[in-house]
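Here is how the chains run, residue by residue.
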Amino acid sequence: MSSMPGSLTHDIIQGPPAPPIDRGWGGDGGGDGRGADRRASFTGLFVLLAASTMVFAALTSAFVVRRGLSDDWVSMHKPPILWVNTLVLLASSVVLDRSRSALKKHDRSKFNIWWTAGTALGILFLIGQAVAWRQLKDAGVYIASNPSSSFFYVLTASHAFHLLGGVAALVYVDVQALRLQLGPAKRTAIDVTAIFWHFLDGLWLYLMVLFYVWG
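Criteria and cut-off values
Residues numbered from 1 in each chain as written. Predicted model: local features only at pLDDT ≥ 70, side-chain atom pairs only at ≥ 80, totals over all residues. Heavy atoms only, no water. Helix = DSSP H or I, 4+ residues; strand = E, 2+ residues; numbered from the N terminus. Buried < 20%, exposed > 50% of the residue type's maximum accessible area, 1.4 Å probe, protein only. Patch = residues over 30% accessible without salt bridge, like charges linked within 9 Å, V, L, I, M, F, W, Y side chains within 5 Å. Areas by Shrake-Rupley, 256 points an atom, 1.4 Å probe, with all protein chains shown as cover. Salt bridge = Lys/Arg side-chain N within 4 Å of Asp/Glu carboxyl O.

### Points about unusual backbone geometry
Item 1. Backbone geometry at His106 places phi at a positive 60°, although glycine is not the residue there.
Item 2. Relative to the helices and strands, His106 resides in the loop between helix H3 (81–104) and helix H4 (108–138).
Item 3. Using a relative accessible area of 46% as the deciding quantity, one classes His106 as partly exposed.

### With respect to a nonpolar patch on the surface
Item 1. On the surface, a nonpolar cluster with roughly 430 Å² of combined accessible area is contributed by Ile123, Leu124, Ile127, Val131, Val171 and Val175.
Item 2. If you list the elements that add at least two residues to the nonpolar patch, you get H4 and helix H5 (147–178).
Item 3. Ranked by residue count, the leading element in the nonpolar patch is H4, at 4 residues.
Item 4. Topologically, Val171 is positioned in helix H5.
Item 5. The partly exposed category is assigned to Val171, whose relative accessible area is 33%.

### Section: the environment of Val131
Item 1. Mapped onto the elements of the fold, Val131 is located in helix H4.
Item 2. A sequence separation of 46 residues divides Val131 from Asn85, and the C-alpha atoms of the two residues are 10.0 Å apart.

### Let's talk about the pattern of salt bridges
Item 1. This model, assessed by the stated rule, comprises 5 salt bridges.
Item 2. Between Asp97 and Arg100 there is a salt bridge; the shortest N-O distance is 4.0 Å. Of this pair, Asp97 and Arg100 are both found in helix H3, 3 residues apart, which corresponds to roughly one turn of the helix.
Item 3. Judged by relative accessible area, which is 36%, Asp97 ranks as partly exposed.
Item 4. Asp191 is the partner of Arg187 in a salt bridge, and the nearest nitrogen-oxygen pair spans 3.8 Å. With Arg187 and Asp191 both in helix H6 (residues 187–214), this residue pair falls 4 residues apart, about one helical turn. We note that Arg187, like Asp191, is buried.
Item 5. Salt bridges sharing common partners tie together Arg38, Asp97, Arg100, Arg187 and Asp191.

As structure tokens, then:
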């Protein structure tokens, strides 16, 4: 009886190939076209950041020109809750970074906790902004009261509109994570959302300087 070929005997002993290893949420997202998808996602993010920057640059330019060329500019009283809102937004960015650190360590439980906390802080910031607008309304300061209040409402509303998109992205990632739907190589959605959120955080700090130094 003839012996089996060496390679066939080796395959029988070794058995079928092992299944691919699940790299978890900390995977690099390469392979199967996911690298190209990641690049496309970041390209879209950078376009969004550039467009948002141009919008606020245009509003700032109008703000500075209107303030400099008019004699009816009256600096409005800013609600103290703006400082609380600023701390909340800064805390949300710190918490999101903690969640991403947990992600790199493949700690799904801590990632869920920190990301949920960051999402809650983002929603709390929006609530705080609504409170600030309500306080201005109660004080008789409306969008048409004077140029200063007009720009305050327009700039904060524009920021809130962008922030709504950021909160929606945070909630999406949070729900998918809690449902264990964020499988391997899904870090792109997490990274894009976190970067956009940090951008909004920096944008708010810029607006605070604008309001309190020039407003």
